[in-house]
Amino acid sequence: MKAKKNYRQILILLFLLSLCGIAVLSYYYINVSQIPDHVSVFQGREEVMSFLPKSWVLPVNGRILLQETEEEGKEETESKEESLSVSQYMGTKKLPSDLLHINLSDKVAIHAQKEGQYQMEIRCFGILIKKVNLQVLKEQNVIPSGNLVGIYGRTNGVLVLGTGLVTDLHGKKKEPAYNIVRSGDYIIEVDNVKITKKEELLSRLEESDGSTMELTLRRDGKEITVTMKPIQTRDEGYRLGIWVRDDTQGIGTMTFSTEDGKFGALGHAITDIDTGEVMALSQAGLYEAEIASITKGKPGEPGEISGIIHLNDENKIASILQNTFQGIFGTLSSELSEKEKKQSIPVALRQEITAGAAKIYCQIDGKLEEYQVEIEKIDKNPDIESKGMVIHIVDEKLLEKTNGIIQGMSGSPIIQKGKFIGAVTHVFVNDSTRGYGIFAENMVFNLQN
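Residues numbered from 1 in each chain as written. Predicted model: local features only at pLDDT ≥ 70, side-chain atom pairs only at ≥ 80, totals over all residues. Heavy atoms only, no water.

**Regarding unusual backbone geometry**
If you check the backbone angles, Asn 192 has positive phi at about 70° while not being a glycine. Looking at the secondary structure, you find Asn 192 in the loop between strand S14 (186-190) and strand S15 (193-194). Judged by its relative accessible area of 58%, Asn 192 falls in the exposed class. Look at Lys 417: it is not a glycine, yet its phi comes out positive at around 50°. Residue placement: Lys 417 occurs in the loop between strand S31 (413-416) and strand S32 (419-428). We classify Lys 417 as exposed; its relative accessible area is 70%. (Helix = DSSP H or I, 4+ residues; strand = E, 2+ residues; numbered from the N terminus. Buried < 20%, exposed > 50% of the residue type's maximum accessible area, 1.4 Å probe, protein only.)

**Structural notes on the environment of Gln 119**
Structurally, the position occupied by Gln 119 is in strand S8 (residues 116-124). Given the relative accessible area of 17%, Gln 119 is considered buried. Sequence separation between Gln 119 and Val 132 is 13 residues; the distance between their C-alpha atoms is 5.7 Å.

**Description of the pattern of salt bridges**
For the coordinates displayed, the defined rule picks out 20 salt bridges. The partner of Lys 359 in a salt bridge is Glu 370, with the nearest N and O atoms 3.4 Å apart. In this pair, Lys 359 is assigned in strand S28 (residues 356-363) and Glu 370 in strand S29 (residues 368-378), connecting sequence segments 11 residues apart. Residue classification places Lys 359 among the partly exposed positions, given a relative accessible area of 23%. (Salt bridge = Lys/Arg side-chain N within 4 Å of Asp/Glu carboxyl O.)

**Structural notes on the layout of surface pockets**
Of the pockets and cavities examined, the largest pocket occupies roughly 850 Å³. In terms of lining residues, the largest pocket is bounded by 33 residues, among which Ile 251, His 268, Gln 407, Gly 408 and Ser 410 are the most central. Those elements that place two or more of their residues in the lining of the largest pocket are strand S20 (242-257), strand S24 (304-309) and S32. By residue number, the principal contributor to the lining of the largest pocket is S20, which donates seven residues. (1 Å grid on protein atoms, 1.4 Å probe; cavity = no way out; pocket = protein on both sides within 12 Å on 5 of 7 lines; lining within 4 Å. Points joined across faces, edges and corners; volume = space filled by probe spheres on them.)

**Looking at the packing of aromatic side chains**
Enumeration according to the criterion identifies three aromatic pairs in this entry. If you follow Arg 218 out to its NZ or CZ, it ends over the ring of Tyr 186, 4.9 Å from the centre. (Phe/Tyr/Trp six-rings, centres within 6.5 Å; stacked < 30°, edge-to-face > 60°. Lys NZ or Arg CZ within 6 Å of the ring centre and 35° of its normal.)

**Here we look at the pairing of S20**
As defined by bridge partners, strand S10 (residues 141-144) adjoins S20 across two bridges and the pair is classed as antiparallel. For Ile 143, the partnering residue across the bridge sits in S20 and is Ser 257. Relative to S20, strand S11 (residues 148-163) is paired through 11 bridges, and the arrangement is antiparallel. By the bridge assignment for S20, Ile 151 is matched with Gly 250. In this sheet, strand S21 (residues 262-265) lies alongside S20 in antiparallel orientation, the contact comprising three bridges. Counted as the bridge partner of Ser 257 is Phe 263 from S21. Here S20 folds back onto S21, and the loop between the two strands holds four residues, one of which, Gly 261, carries a positive phi near 85°. (Pairing = 2+ DSSP bridges.)

**A closer look at the side chain of Ser 40**
Among the secondary structure elements, Ser 40 is positioned in strand S1 (residues 38-42). Owing to a relative accessible area of 2%, Ser 40 belongs among the buried residues under this scheme. In terms of polar contacts, Ser 40 uses its side chain to reach the side chain of Glu 441, at 3.1 Å. (Polar contact = N/O pair within 3.5 Å; in protein donor to acceptor, adjacent residues only side chain to side chain.)

**Observations regarding the environment of Val 429**
Position of Val 429 among the secondary structure elements: in the loop between S32 and strand S33 (431-439). For Val 429, a relative accessible area of 45% translates into the label partly exposed. Separated by 24 residues in sequence, Val 429 and Ile 405 have C-alpha atoms that sit 9.9 Å apart. Leaving out residues up to four positions away in the same chain, Val 429 has contacts with Lys 298, Pro 299, Gly 300 and Glu 301. (Contact = heavy atoms within 4.5 Å.)

**A word on the confidence of the model for the protein**
Within the protein, residue pLDDT values average 83, and 80% of them lie at 70 or more. Per-residue pLDDT, averaged within each element of the protein, yields its smallest value for helix H2 (residues 74-83) (47) and its largest for S31 (98). Between residues 25-30, whose pLDDT stays under 50, and residues either more than four places distant or in other chains, the model counts five contacts. Overall, residues 68-81 carries pLDDT values under 50, and its contacts beyond four positions in sequence, including any with other chains, amount to 12 contacts. (pLDDT = per-residue confidence, 0-100.)

**A look at the side chain of Lys 130**
Secondary-structure assignment places Lys 130 in strand S9 (residues 127-137). A relative accessible area of 12% places Lys 130 in the buried class. At 2.9 Å, the side chain of Lys 130 forms a polar contact with the side chain of Asp 37.

**Let's talk about the sheet that holds S31**
On the basis of which strands lie adjacent, the closed barrel formed by six strands has the order S28-S29-S30-S33-S32-S31 and antiparallel pairing. Adjacent strand axes in the sheet meet at a mean angle of 45° when their direction is disregarded. Pairing of S28 with S31 involves two bridges; the strand directions are antiparallel. Paired with Ile 360 across the two strands is Ile 414, which belongs to S31. (Axes fitted to C-alpha atoms, helices over the stretch in contact; angles between N-to-C directions.)

So this is what it looks like as structure tokens:
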């Protein structure tokens, strides 16, 4: 009987220990996810920051590693060591710390003399729990814009939207492209002949006379070759059962320009409306545009700016060279570059942004104006780069015109305390007064790379 009682007590103890373990692990993983994956500091300026969330109670140490490439030798590594200094804030007192080992339970001051990449290993009880990339950047000024622009570009190859059924001469339904070509592929050659337009694809198809065709596709950045046999339809034309697109256009906002004639816009990628994939573009540019109408946002239905894009060389503002998750980037035309040379302002890093008042620049009714917003939330470690901030439109003039954020405002620069802190990127579908913004550092330093 006594043995059974002891056995029961052991089981209860193990059960309680398991619950404690689950609680500790849950707490641990929730908090580790709040530690930033990436931290930037400016060259020549001391940055004071906290790496851990306020709720963290376990002892944690960090070790900064000097990243060395194959081309770098001992001399280069030593020069990096001399260029980085770390100090520790314990309460209100600043204490010198070992160059490579720091206590993360309090604020840390980092001062770097040279641009470069470092890595911090964060350990709890000696166990590695996370690696943080530490980047030293050169301070940058940009010219905030807010001007409405038209965007047009041809796809780099003919984009496949999807596949479907084709009815042949005998009334039978067939799907010749099934499991051969898929949504998101780009057709770049047919029978070793380069194609860039839908018309060129159709021309090669009719010339095939029903013979098997060889298609060169770009899929996930790699080129592959497939073969397909066209189906002759009742109208005596030949079909592959593929839906395609060869261009894209829309309205957006230029975010900033630089003194050397570069620009950034949108704060997110240009994606295909059907596939959701980032589009591979060629011959893409920004053009002058004028507003045709404004549709106000309402719950469940985002509003939009409808405009007319003037697609001719005289009205081309800039050439788009990059379409990335952080926005679109390129070079301004020489004429516009001179017009855009206004007052430049500093770029802020994410740790400089605070909740509270800010303003945005955008062009809603034909003229560029500034509007008041509130920064409600700052996520220094967002899952999606274009959603680092939650912003709330509080300006009555803008609310009267649009009910908040509408399509076409993507890229509107956000300014706080005289610094460029980011750009508007998305609207909340069920609350058009609120939306997301991308951090300025993600756009500006992506342009430099």
